[in-house]
Amino acid sequence: MCGRFIQERSHTELAGIFDAEPLTDDPGGRFNVAPTDPASVVVERDGRRALTTYRWGLVPHWAADPSVAARHINARAETLATSHAFRDSFARRRCIVPADGFYEWRRLADRRQPFVIHRTDDAPLALAGLWSGWRDPSTGEVRRTFAIVTTQANEAIAALHDRMPVILPRDSWATWLDTEHGDMGELHALLQPTPPDQLEVFAVSPLVNNVRNDGPELIRRLDPQPELAASAGTLGL
């Protein structure tokens, strides 16, 4: 599961990292991106790779109204090809969601303790995403939205949750973004847990529990760190 993430880097830095044209004015510096928020994503359309802004929570083109977004923030890798909500986007509308980290929670006796998961080398995470366009019948406006693909958790995260976002290695970015790429088997092969030695997990302030809080203090490490040991599948957001 992925229910909150970090986009600290500026749009110009992200555009450079992902070799994309910056078509967003999002300044970055966001430490608590929550479902239904706008966020930066990388898409490729008509041969152009761009960094743009879509809203988190996928609204399929056939939806009667946008309220379904809250149920579609994540898409399970195992059922992408058969899910009514996600199969069209998996086939033709894939994106990358850049993140400097994401949050998971452990329930303690007196609180929900948040943890940050990020790369050990501090490079951005390239989260596998899907997007869709939905036309508002009352205004004709097209709203573009996205979901984050999840897979089984690796050993670094399993103590917190049994799911984790799919993190794409750099050499797979072009394949994932190529909307003309039709080999579903090759695409499914990308949807694997990240090797645990590439990720670091550490506890942070409960300030992140409130979606209205934002700022670098949310990712400051707690000292001392609480023990990270629990049964997978019993904890989380």
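The structure we're discussing is the one just above.
Here we summarise the structure given alongside this text. (Residues numbered from 1 in each chain as written. Predicted model: local features only at pLDDT ≥ 70, side-chain atom pairs only at ≥ 80, totals over all residues. Heavy atoms only, no water.)

1. Side note on the sheet that holds strand E3 (residues 30-33)
Sheets are built from strands that pair by backbone hydrogen bonding, the pairs being arranged parallel or antiparallel. Pairing within the open sheet is antiparallel, and its five strands lie in the order E3-E1-E8-E9-E13. Each having just a single partner strand, E3 and strand E13 (199-203) make up the two edges of the open sheet. Direction aside, the axes of adjacent strands within the sheet are offset by 30° on average. Bridge count between strand E1 (residues 5-7) and strand E8 (residues 101-107): two bridges; the pairing is antiparallel. Looking at the pairing, Phe5 lines up with Phe102 of E8. (Pairing = 2+ DSSP bridges. Helix = DSSP H or I, 4+ residues; strand = E, 2+ residues; numbered from the N terminus. Axes fitted to C-alpha atoms, helices over the stretch in contact; angles between N-to-C directions.)

2. A look at the pattern of salt bridges
One pass over the structure, following the stated rule, counts eleven salt bridges. Between Arg92 and Asp88 there is a salt bridge, with the nearest N and O atoms lying 3.8 Å from each other. Of this pair, Arg92 and Asp88 both sit in helix H2 (residues 87-92), four residues apart, which is roughly one turn of the helix. Classification of Asp88 by relative accessible area gives partly exposed; the value is 28%. Within the structure, one salt-bridge network assembled from shared partners comprises Arg9, Glu13 and Asp100. (Salt bridge = Lys/Arg side-chain N within 4 Å of Asp/Glu carboxyl O. Buried < 20%, exposed > 50% of the residue type's maximum accessible area, 1.4 Å probe, protein only.)

These values are about where atoms sit, not about what they do.
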